[in-house]
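# What the coordinates show
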Amino acid sequence: MEPYTDKVVEHFKNPRNVGEIEDADGIGHIGSEVCGDIMDLYIKVKNNVLVDVKYKTYGCGAAIASGSMLTELIKGKTIDDVLKVTNKRVVEALGGLPGPKVHCSVLAEDALKSALNDYYLKTTGKGLPGFKPRSEHSHDEK
Amino acid sequence: MEPYTDKVVEHFKNPRNVGEIEDADGIGHIGSEVCGDIMDLYIKVKNNVLVDVKYKTYGCGAAIASGSMLTELIKGKTIDDVLKVTNKRVVEALGGLPGPKVHCSVLAEDALKSALNDYYLKTTGKGLPGFKPRSEHSHDEK
Amino acid sequence: MKRIYMDYAATTPTHEEVVAAMQPYYNNIFGNPSSLHFFGREARKAVDEARLKVANFLNAKPEEIVFTSGGTEADNFALKGIAFTNRERGNHVITTKIEHHAVLESAQFLETQGFEVTYLDVDTNGLVNPEDVKNALTPQTTLVSVMHANNEVGTIQPIEEIAKIITDFNHEHSRSVYFHTDAVQTAGALNIDVQKLGVGLLSISAHKFYGPKGVGALFIKKGTRIKPFMHGGGQERRRRGSTENVPGIMGFGKAVEIVMKERENWVKHLEPLRNKLIEGILNIIPDSMLNGHPQKRLPNNINVTIKYVEGESMLLNLDLEGIACSTGSACSSGSLEPSHVLRALGRTHSESHGSLRFTLGRHSTKEDVADVLGVLPKIVTRLREMSPLYKKK
Amino acid sequence: MKRIYMDYAATTPTHEEVVAAMQPYYNNIFGNPSSLHFFGREARKAVDEARLKVANFLNAKPEEIVFTSGGTEADNFALKGIAFTNRERGNHVITTKIEHHAVLESAQFLETQGFEVTYLDVDTNGLVNPEDVKNALTPQTTLVSVMHANNEVGTIQPIEEIAKIITDFNHEHSRSVYFHTDAVQTAGALNIDVQKLGVGLLSISAHKFYGPKGVGALFIKKGTRIKPFMHGGGQERRRRGSTENVPGIMGFGKAVEIVMKERENWVKHLEPLRNKLIEGILNIIPDSMLNGHPQKRLPNNINVTIKYVEGESMLLNLDLEGIACSTGSACSSGSLEPSHVLRALGRTHSESHGSLRFTLGRHSTKEDVADVLGVLPKIVTRLREMSPLYKKK
Ligand SMILES: Cc1ncc(COP(=O)(O)O)c(C=O)c1O
Ligand SMILES: Cc1ncc(COP(=O)(O)O)c(C=O)c1O
């Protein structure tokens, strides 16, 4: 595996926006213990803007850095802007991820989509159109 | 392959009794080009004693040394004594031969037997009892 | 930055005396040992001296030692060499679920070529039950391969007992099932006597005990029916082609010499350090547990699971503090499955993901251990705070 | 005693700069490149730098280079890797009668596993006829392996032409027959450009061009279907298990760097020496003849047959005079058959037994050549005098 970029290491060392939001407007929960990575994303929305964002993760360095970078990319942005944030954007912003670690950025994107879905469900009764997390892991703990 | 002993190298460097005997009483000719070694042995017999011995060889270092050592072991000896000289004696006298080279000592023994056979044929009309060279190579040049 | 190396099971720094022993063989005594001339003969003499040292080290005969490019080649050679060569006697191979990939993937390759392979289970401490070997033996079996000690969790197998079972089986059924052990992890730690162990083939690798990388050996007991794995010229008594790595082999010879002299001292030095680190972690960090056998264990191996956190993230945090170790988390290897060894011991996926391995060596100190015990708990606390699993508790 | 080394095709002394380049990687940058921590990362970085150098050397991409333990492993990997992996596409392999044993014995092993192998003839100069390759291709063929230049007689093969034939065949029949060349002997002498040569796989070995023994590489063109030969961990992008021989790889990297800078000078230096030695022998010694192609020939290879005398005895006599060379006589290898290469060129058994090979290198001088020309005729005379064959003439 190639080494992590400086940017990844920096975010891994000092992850931004770690934690939970008690009264979150949307919560995303993605991943499972079996796969070795889980991400929880909490969003607070005001006037279509993500005014606060927090995350927690159980996972490797890339998962921690991806989550941290995601929160930076979406915090303070409008939902329209945030909907454009893909795992590719996360990878780019991190200066790249080693091949086997790209799935961590997918985890981050899916956590975001899942949180937005939750927000939509709560506010409109309907989920995020077309939402279907890619990193969904179906296998159970054996 | 293990290296040659000092004794082999010494005989190889200064082979004894090289040449032919014009009026030999017995000539042995063993081996073939195909196998990569040939030995010619010439003996001169007086009163049952090998008063002169010469050899020629086309072959590797071990063949040259085996022929040389053989001539030393048999020159001046009675036929009875000489009949007891086997390839094993040659190998011992050389301080050993590498495994793949033992056949060269067999070549020497067979050259001796073949020369004695020739001598018996010439003097008694019958060959050496039980003579059948072991190193006889049957394959032809292709 | 002060750096603490605690990954001696991955590789070791080459001993200074080993490096020195290699130097003459680069451009002074540089011949090809197969050459008949002076340059070849002096190289050959050197290689044979090293071969004798390695043979003595294992209590074997020099002609029973085949030099290889490392432990992996020795394992490939043993498995494929025995299986292919003895195919007409049977197509069944027995090994375990906790072998090194060099053995496991060779076995899997044999499966693609029509061989049957039994992968034995181990108990929760990583021990193979010799009775299981007995029960797995069939009239088709030609080879049993059980590692001497496991590289991840350090568990030492009852090789002598297994050898006895195989010998009995061979006697009773007039068979000649071969027994191979991968001793790559034990050579620097335990006395390895092929006679006492009762094995017919045994793999070692120099870089695991202060020798150079890229050189190892397979012990092959006299009389064993085995054809080469590395096909080529007549080197190594026609058992392994390729120009011998003379400097590497000379370094290997020096390394076994050093081990024979130092091993006992090393073990005396390492065991207390190992115990201190294990006890320290289990005492200080809640929800942590030891992986591998508590007693039948390599003197330098510490393998723990720390729940609710993932191994690579701990490893990288330790690395940021200058401490080098390894993990059985899948995330570190790019594969989907976490360590097959931890899984075979009955650890859950997440327990396997949360494992750390520290392996000590001759340069390890009390201070190193104290440093780890100072740093690790803080890292775990920090990571647990951001772990969704920890909250759920 | 003054010693003259004229066996550079067997192995070369390691270049001083190569030795120096290896030193930091024994106990300073000593990590296992697969380790995630600092020690591993710095080792990995080094290995990747060397990989880039080797890739540049061959005009390949770094990810197309797999490091091996030498030329033999690269050849085994190419033949067995391609044949086994593509078996469902076909079970036929084409090679030649003059390949190195690493290729030939791998091919013979494949035959024992049910593969069909065609061994192409060569002409009296040792050249493969590209048309023969064309005619040998069948719908079952998955691999063609033809060496770049022969190690015994130095003949350089028309690799580009053969590549074109295979490419055309693949186009015409929508096939993907792979083309491998063993370039172990050419790396120090000819420009090797895998694009220009048009090969899909190519073997090299460092010790043949002033690099260390025990390290080589297989170039594997992107997109090639090949599974490992050396099964083990995930090293070399999962293509070859075993802990990388980091110092060896670093020495390899330095060696190719030196070759790229020096090769042209070496060739300019060697060709006149080679010609002088060939002409000298043929002129001075009656009943002697050149083996191999007079023009399409490695710049450092002299291979002659001297009739009525056996090769080993000449070799040993030369050795006693301090001159190191090799022979294709069976007597030197312990086998019954003399050189399969000379036999394939149509030499009789005794012509093959009477061969000598001198291979020159960067330290060879005019004086060395003059010394050989001074000594050899006397030796031949002496040996012919004791040869029963010479008399018969
Ligand atoms: C043409 C050729 N191929 C392969 C090899 C094998 O290389 P190595 O000895 O590095 O395994 C050699 C040299 O021995 C060779 O000359
Ligand atoms: C138990 C075991 N077997 C085999 C190997 C392979 O050894 P090498 O890396 O020398 O090929 C290793 C180490 O990687 C090991 O720990």
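Calculation criteria
Residues numbered from 1 in each chain as written. Chains lettered and ligands numbered in written order. Predicted model: local features only at pLDDT ≥ 70, side-chain atom pairs only at ≥ 80, totals over all residues. Heavy atoms only, no water. Helix = DSSP H or I, 4+ residues; strand = E, 2+ residues; numbered from the N terminus. Buried < 20%, exposed > 50% of the residue type's maximum accessible area, 1.4 Å probe, protein only. Areas by Shrake-Rupley, 256 points an atom, 1.4 Å probe, with all protein chains shown as cover. Phe/Tyr/Trp six-rings, centres within 6.5 Å; stacked < 30°, edge-to-face > 60°. Contact = heavy atoms within 4.5 Å. Near = heavy atom within 4 Å. Polar contact = N/O pair within 3.5 Å; in protein donor to acceptor, adjacent residues only side chain to side chain. Nonpolar A, V, L, I, M, F, W, Y, C, P; charged D, E, K, R; others polar. Buried area = accessible area lost by both parts, 1.4 Å probe. Salt bridge = Lys/Arg side-chain N within 4 Å of Asp/Glu carboxyl O. Domains from an automatic or database assignment. Pairing = 2+ DSSP bridges. Axes fitted to C-alpha atoms, helices over the stretch in contact; angles between N-to-C directions. Parallel < 35°, antiparallel > 145°, perpendicular 65-115°, else oblique. Left-handed = near helix turned anticlockwise from the far one by under 90°. Expected span 1.5 Å × (residues − 1). Core = buried A, V, L, I, M, F, W, Y, C linked by side-chain atoms within 4.5 Å. Least-squares fit on C-alpha atoms with pLDDT ≥ 70 in both.

### Describing the overall build of chain C
In terms of regular secondary structure, chain C is built from 15 helices and 12 strands. Seen through its principal axes, chain C has C-alpha atoms that stretch 70 × 50 × 35 Å. Residue burial in chain C is summarised as follows: out of 393 residues, 68% are buried. Roughly 13,300 Å² of accessible area belongs to chain C as shown, and the carbon and sulfur atoms make up 49% of that amount.

### Concerning the packing of aromatic side chains
Throughout the structure, instances matching the rule amount to 31 aromatic pairs over all chains. Pairing Phe38(C) with Phe39(C) gives two aromatic rings, centres 5.8 Å apart and planes at 80 degrees, and the pair type is edge-to-face. A relative accessible area of 27% means that Phe38(C) is categorised as partly exposed. Classification of Phe39(C) by relative accessible area gives buried; the value is 9%. Between Phe209(D) and Phe252(D), the ring centres sit 6.2 Å apart and the planes meet at 45 degrees, which makes this aromatic pair tilted.

### A few points about the arrangement of the chains
Counting contacts across all 5 pairs of chains that touch, the top-ranked interface belongs to chains C and D. The least C-alpha distance between chain A and chain B, which are not in contact, is 44 Å.

### A look at the site of ligand 1
Around ligand 1, 15 residues are found, and the nearest of them are Ser242(C), Thr243(C), Thr72(D), Asp182(D) and Ser205(D). Within the side chain of Thr243(C), an N or O atom sits 2.5 Å from an oxygen atom of ligand 1. Across the shell around ligand 1, the residue classes break down as 2 nonpolar, 10 polar and 3 charged.

### Considerations on the interface of chain C and chain D
With 63 residues of chain C in contact, the opposing surface of chain D contributes 62 residues. Carbon and sulfur atoms make up 60% of the area that chain C and chain D hide from each other, which totals about 5,100 Å². Summed over the three residues of chain C that lose the most area to chain D, namely Tyr26(C), Lys213(C) and His231(C), the buried surface amounts to 14% of that side. Counting across the chain C and chain D interface gives 2 salt bridges.

### Structural notes on the domain arrangement of chain C
Residue and element names in this part refer to chain C. Looking at chain C, the domain boundaries give domain 1 (4-12 + 263-392) and domain 2 (16-258). The centre of domain 1, based on its C-alpha atoms, is set 29 Å off from the matching centre of domain 2. Taken together, the contact pairs 27 residues of domain 1 with 36 residues of domain 2. Carbon and sulfur atoms make up 53% of the area that domain 1 and domain 2 hide from each other, which totals about 2,600 Å². Inspection of the region where domain 1 meets domain 2 yields 1 salt bridge. Between Glu16 and Arg362 there is a salt bridge; the shortest N-O distance is 3.8 Å. Only helix 10 (246-284), strand 10 (301-306) and helix 12 (340-344) provide two or more residues apiece to the side of domain 1 that touches domain 2.

### Quick word on the site of ligand 2
Lining the immediate environment of ligand 2, one finds 15 residues, of which Thr72(C), Asp182(C), Ser205(C), Ser242(D) and Thr243(D) sit closest. The local environment of ligand 2 is shared, drawing residues from chains C and D. Contact distances for ligand 2 include 2.6 Å between a nitrogen atom and a side-chain N or O atom of Asp182(C). Ser205(C) is positioned with one of its side-chain polar atoms (N or O) 2.5 Å from an oxygen atom of ligand 2. If ligand 2 stood free it would expose 390 Å²; the protein chains cover 96% of that surface. Considering each element in turn, the shell around ligand 2 owes the most residues, 3 residues, to helix 4 (residues 71-85) of chain C. Of the residues in the shell around ligand 2, the class split is 2 nonpolar, 10 polar and 3 charged.

### Concerning the sheet that holds strand 3 (residues 92-96) of chain D
All names here are of chain D. Strand order in the open sheet made by the 7 strands is 2-8-7-6-5-3-4, with mixed pairing throughout. The open sheet has two edge strands with one neighbour each: strand 2 (65-68) and strand 4 (116-120). In this sheet, neighbouring strand axes are inclined to one another by 20 degrees on average, regardless of whether the strands run parallel or antiparallel. When strand 2 meets strand 8 (residues 216-220), the two strands line up antiparallel, connected through 4 bridges. Along strand 8, the bridge assignment pairs Ile65 with Phe219. Lying over the sheet, helix 4 (residues 71-85) contacts strand 2, strand 3, strand 5 (141-145), strand 6 (178-182), strand 7 (201-205) and strand 8, oriented at roughly 160 degrees with respect to strand 7. Together, strand 3, strand 4, strand 5 and strand 6 form the strand contacts of helix 5 (residues 101-112), whose direction differs from that of strand 4 by roughly 150 degrees.

### Here's the deal with the packing of helix 11 (residues 311-320) of chain C against helix 14 (residues 366-385) of chain C
The packing of two helices is summarised by the inter-axis angle and the distance between the axes. Residues and elements named next belong to chain C. Contact geometry for helix 11 and helix 14: axes closest at 10 Å, N-to-C directions at 130 degrees. With respect to their mutual orientation, helix 11 and helix 14 come out oblique. Of the two possible hands of crossing, helix 11 and helix 14 adopt the one that is right-handed. Taken together, the residues of helix 14 that come into contact with helix 11 (itself represented by Ser313, Met314, Asn317 and Leu318) are Val375, Leu376, Ile379, Val380, Arg382 and Leu383. Its residues placed into classes, the contact of helix 11 with helix 14 shows 7 nonpolar, 2 polar and 1 charged.

### A few points about the sheet that holds strand 2 (residues 37-46) of chain A
Residues and elements named next belong to chain A. A sheet is described by the order of its strands in space; here 3 strands give the open sequence 1-2-3, paired in antiparallel fashion. In this open sheet, the two edge strands, each paired with only one partner strand, are strand 1 (26-32) and strand 3 (49-58). Neighbour-to-neighbour, the strand axes of this sheet turn through a mean angle of 10 degrees, independent of strand direction. As judged from the 9 bridges shared by strand 2 and strand 3, these two strands associate in the antiparallel manner. Paired with Val45 across the two strands is Leu50, which belongs to strand 3. Here helix 2 (residues 61-74) sits on the sheet in contact with strand 2 and strand 3, set at roughly 175 degrees to strand 3.

### Some thoughts on the pattern of salt bridges
Opposite charge on two side chains makes pairing possible when the charged atoms of those side chains draw close. Under the definition given, this model contains 52 salt bridges over all chains. Salt-bridge contacts for Asp52(B) lead to Lys75(B); the nearest nitrogen and oxygen are separated by 3.7 Å. In this pair, Asp52(B) is assigned in strand 3 (residues 49-58) and Lys75(B) in the loop between helix 2 (61-74) and helix 3 (79-83), connecting sequence segments 23 residues apart. Residue classification places Asp52(B) among the partly exposed positions, given a relative accessible area of 24%. Take Lys75(B): its relative accessible area is 36%, and that puts it in the partly exposed class. Its salt-bridge partner being Lys2(C), residue Asp371(C) comes within 2.7 Å of it at the nearest N-O pair. Within this pair, whereas Asp371(C) is found in helix 14, its partner Lys2(C) is found in the segment before strand 1 (4-5), the two being separated by 369 residues in sequence.

### Comments concerning helix 5 (residues 102-124) of chain B
The terminal C-alpha atoms of helix 5 of chain B lie 33 Å apart, and with 23 residues this matches the ideal 33 Å at 1.5 Å per residue to within 8%. Gly125(B) sits one or two positions beyond helix 5 of chain B and adopts a positive phi of about 85 degrees.

### As for the nonpolar core
If you look at soluble globular proteins, the nonpolar side chains tend to sit buried side by side. Core analysis: the biggest nonpolar cluster contains 277 residues, and Leu58(C), Phe358(C), Leu58(D) and Phe358(D) have the highest contact counts within it. Excluding residues within four positions of it along the chain, Leu58(D) makes contact with Ile65(D), Ile192(D), Asp193(D), Val194(D), Leu202(D), Ile204(D) and Phe219(D). Ala83(D), Phe109(D), Leu110(D) and Val117(D) belong to the second largest nonpolar core, which has 46 residues in total.

### Considerations on the relation of the copies chain C and chain D
Rotating chain C by 180 degrees about the axis while translating it 0.0 Å along that axis superimposes it on chain D, leaving an RMSD of 0.0 Å. In symmetry terms, the pair is related by a two-fold rotation axis. It is Ser69(C) whose C-alpha, among those of chain C, lies nearest the rotation axis, at 3.1 Å. Comparing contact sets, 98% of the residues at the interface of chain C also lie at the interface in chain D, consistent with an isologous, same-surface contact.

### Topic: unusual backbone geometry
Residues and elements named next belong to chain D. One non-glycine residue with positive phi stands out, namely Ser174, at about 45 degrees. Mapped onto the elements of the fold, Ser174 is located in the loop between helix 7 (159-173) and strand 6. Residue classification places Ser174 among the exposed positions, given a relative accessible area of 69%.

### Topic: the side chain of Ser203(D)
The residue Ser203(D) is located in strand 7 in this model. Those residues within four positions of Ser203(D) in sequence are excluded, and the remaining contacts are Gly71(D), Ala74(D), Asp75(D), His180(D), Thr181(D), Asp182(D), Ala183(D), Val184(D), Ala217(D) and Leu218(D).

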